[in-house]
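Tertiary structure, described
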Amino acid sequence: MKQPYQNYMNGEWVAGPHIVPSINPSNLDDVVGEFAYADAALANQAVQAAATVADEWRNSTPQQRFNALDFIGTEILQRKEELGRLLSREEGKTLPEGIGEVNRAGQIFKFFAGEALRCGGEWLPSVRPGVRVQMIRQPVGVTVLISPWNFPIAIPAWKIAPALAYGNTVVFKPAELTPALAWELAEIISRGGLPAGVFNMVMGEGPTVGAALVEHPQVNAVSFTGSIAVGRQIARKCVENGKRVQLEMGGKNPLVVLDDADLDIAVEAAANGAFYSTGQRCTASSRLIVTRGIYSCFVDALTARMKSLKVDDALKPDTDLGPVVNQAQLEKDLKYLEIGKSEGAVMIGGGERLERAAPGYYLSPALFVDTDNRMRINREEIFGPIAAVIPAQDYEEALQIANDTPFGLSAGICTRSLKYAHHFQENSQAGMTMVNLPTAGVDYHVPFGGMKQSSYGSREQGSYAREFYTTVRTCYLRP
Ligand code: NAD
C-alpha cells in the first residue's frame, strides 16, 4: 500500500483529511510512516458500515468466525519478528518486548477462534411443569474499541478478537501515537474473509474521531483502555445513552517486599515491574513497599541492578530500556522527578536525560527512596521509568500502604511465607495479584482487569470477555 496509510471501512481503504507522521522515539529523524487520520464524518460512516452488517454477522456460523480469527492469528504469529521490529521502532519498547507483544496478539486471536466454537448457553428446568428455560448468549451489536499507545497490537487484539468471535461488528480506533501496528493489524484482518463492514478501523484524534464514535446512536457498546480522565468522559456519555461500557485505566501498583523474601527474586521482580517497557505499563510497579529488615539490602541490590540496565535505541540487541514514547511523556517524567525532590523524597540515581547516537527521548531509570505514600509521586500515575521505595514496619503496615491508593489494577508481594502470600492475595485491593512475580506480565487466556478507579465494567480477556461482548436472552418454551 502506498503512503499515507489509510483507514479501513466497509471493506475498502479510505483516505482521511489529516496526514500525520509517526516518529520513531529512538531516532527522531526516522519517520515510521505517514497516516491519513480521519475526521468525525468518516468515523460516522464507519459506524454506519458496522451497523449495516450487524445482523448478517450476528447470524454467521461459529465456523466462519473461527476461520477468520484463526487466519488472523496464524499470520500474526508467522510475522511476529517483522511486526515486533516495527512495534519497537514506533513505540520504543525493546525488540524482545516488541516481538513478545506481537506473539501475544497472535495467541489471543487463536484463543478466541476457539472461543467462537465454545460460546454456549445454559439450560435449567423451569419451576413450572412442562416448561423448559434456556439462557442463550447473543452478540451486543456494534462495538467501538478504543486503545492506548503502550500496547499497540496486544490491546487491540484483546478487544477485536472477542468482539468478532462472539458475533459483533467492530469500529476500532487506535491511539494517535502508534498507528503503524494498528494499520498492519487492520491489513491482516482485511484479508481474513470477513464480510465488508464487519471490521472497520478509523485512525485519528481522540477528542474528534473517538468522541464521534462514542456518541454515535448506532453504537451499542464501547470498550476503552487509556487514561482515567478520558475513561470517565466516555463512561458518562455511554451511561447517558444506555450503551454498554468497559474501561481499563491507570495504575499505581504496589510491590511489597517482606523481610523473608528471596532477595534476588524481589530485586528482579522490582526491576522488571518498575522499569521494563520504560515503565510505560499500566501494571508497572511504581510503589515498592519494603519492610525494615530487608530495606537497605534491597535498595542497594536494586540500585546496582538499575545501573546495569542499558538505555538505548529500542532495536539494538543489548538494550534493556528503550526511550520514553514522546516529548510530552518525557516532560511529564521530568516534572515528576522535580515534584519528588520538592516533596523530600531522596533520589538515589538515574533520572538523567541521555544522549545516544541518534536524537531520542532517552531517560535513565530513576529510584526514589525513603518516600511516604502521601507524596504525589506515590499517588499519581507517572507512566515512566520512575519508582519509589516506601518503608514499612511489618506485613500489616505494608498491606495497609499497598491498599492506600485510588487505583487497584495489579499488586505483588515477595515473600517465602505461605500465610502472608495467601492473606495478601485475599486482601490486597487489586484485580490481579502476584506472588514472587513482577506486577506486570500476564497470561493471555485468563481475565485481566482491576478494582477501584483502575477499571469499570466486566473483565477483558479469557472466556470472561464474553460477559461484555454478549448479552443473555432467557427463552421459555412449552413444547
Ligand atoms: P489516553 O486516555 O490519552 O488515550 C487512549 C485512547 O483514547 C486513544 O486512542 C485516544 O485517542 C482516545 N481518546 C482520547 N480522548 C478521547 C475522547 N474524548 N473520546 C474518545 N476517545 C478518546 O491514554 P494513552 O495516553 O493513550 O494511554 C496511557 C494510559 O492508558 C495510562 O493511563 C495507562 O495506565 C492506561 N492503560 C491502561 C491499561 C489497562 O488495561 N488498565 C493498559 C494500557 C494502558
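Residue indices begin from 1 for each chain and proceed along its sequence in written order. Thresholds applied to this predicted model are a pLDDT of at least 70 for local features of residues and 80 or more for the giving and counting of side-chain atom pairs; totals over whole chains, interfaces and linings are not thresholded and use all residues. Side-chain numbers here rest on the full set of heavy atoms in the structure, without hydrogens or water.

1. Description of the site of the ligand
By nearness alone, 29 residues border the ligand, and Ser147, Glu176, Ser227, Met249 and Glu381 come closest of all. For this analysis, a polar contact is any N or O atom pair within 3.5 Å, provided that within protein one partner can donate a hydrogen and the other can accept it, and provided that sequence-adjacent residues contribute only side-chain to side-chain pairs. The contact in question runs from an oxygen atom of the ligand to an N or O atom on the side chain of glutamate 176, over 2.7 Å. Note on areas: these come from Shrake-Rupley sampling with a 1.4 Å probe, and a residue is covered only by the protein chains present in the view. Contact with the protein chains hides 90% of the accessible area of the ligand, taken as 860 Å² for the molecule alone. Segments assigned H or I by DSSP are reported as helices when at least four residues long, segments assigned E as strands when at least two residues long, and all are numbered from the N terminus. The set of elements that each furnish at least two residues to the shell around the ligand consists of helix H8 (206-215), strand S10 (221-225) and helix H9 (228-240). Element by element, the count of residues in the shell around the ligand is highest for H8, at four residues. Basically, the charged four are Asp, Glu, Lys and Arg, the nonpolar ten are Ala, Val, Leu, Ile, Met, Phe, Trp, Tyr, Cys and Pro, and anything else, Gly included, counts as polar. A per-class count over the shell around the ligand returns 16 nonpolar, nine polar and four charged. Any residue with a heavy atom positioned within 4 Å of a molecule or strand is treated as near that molecule or strand.

2. A few points about the packing of aromatic side chains
Note on aromatic contacts: the rings of Phe and Tyr and the six-membered ring of Trp form a pair at centre separations within 6.5 Å, being stacked when their planes are under 30 degrees apart, edge-to-face when over 60 apart, and tilted otherwise. Across all of its chains, the model carries twelve aromatic pairs by this definition. The interplanar angle of 80° and the centroid separation of 5.5 Å between the aromatic rings of tryptophan 149 and phenylalanine 383 together place this pair among those described as edge-to-face. Here phenylalanine 383 lies in the loop between helix H13 (376-379) and strand S18 (386-392) and tryptophan 149 lies in the loop between strand S7 (142-146) and helix H6 (154-165), a separation of 234 residues in the sequence. For the pair formed by tryptophan 149 and phenylalanine 383, the shared burial category is buried. With a centroid separation of 4.9 Å and an interplanar angle of 90°, the aromatic rings of phenylalanine 468 and tyrosine 469 are classed as edge-to-face. Per-residue accessibility, obtained with a 1.4 Å probe over protein chains only, is compared with the maximum for each type, and a residue is labelled buried under 20%, exposed over 50%, and partly exposed between these values. In this structure phenylalanine 468 comes out as buried when scored by relative accessible area, which is 1%. Residue classification places tyrosine 469 among the buried residues on the basis of a relative accessible area of 1%. Cluster of aromatic residues (ring-pair linked, three or more members): Tyr5, Tyr8, Trp13, Phe35, Phe172, Trp183 and Phe199.

3. As for helix H4 (residues 80-91)
Helix span is expected to be 1.5 Å times the residue number reduced by one. If you check H4, its first and last C-alpha atoms are 15 Å apart, about what twelve residues at 1.5 Å a residue would give, namely 16 Å. Inspection of H4 places Leu83, Gly84, Leu86, Leu87, Ser88, Glu90 and Glu91 among the buried residues, and these make up the whole buried set. Any pair of residues with heavy atoms lying within 4.5 Å of one another is described as a contacting pair. Buried positions along H4 lie against strand S3 (18-23), strand S4 (31-37), helix H3 (62-78), helix H5 (95-118) and helix H7 (179-190). Remark: glycine 92 follows H4 within two positions and exhibits a positive phi of approximately 100°.

4. A short note on the sheet that holds strand S6 (residues 132-139)
Within a sheet, each strand pairs with its neighbour through backbone hydrogen bonds, oriented either parallel or antiparallel. A strand pair is defined by DSSP finding two or more bridges across the two strands. Strand order across the open sheet formed by three strands is S5-S6-S22, with antiparallel pairing between neighbours. The open sheet has two free edges, formed respectively by strand S5 (122-125) and strand S22 (470-477), since each of these has just one partner strand. Along the sheet, successive strands turn relative to each other by an average axial angle of 25°, direction set aside. In this sheet, S6 lies alongside S5 in antiparallel orientation, the contact comprising four bridges. Directly across from tryptophan 123, in S6, lies its bridge partner glutamine 134. A fitted line through C-alpha atoms serves as each axis, taken over the contacting stretch for helices, and the angle formed by two N-to-C directions is quoted from 0 to 180°.

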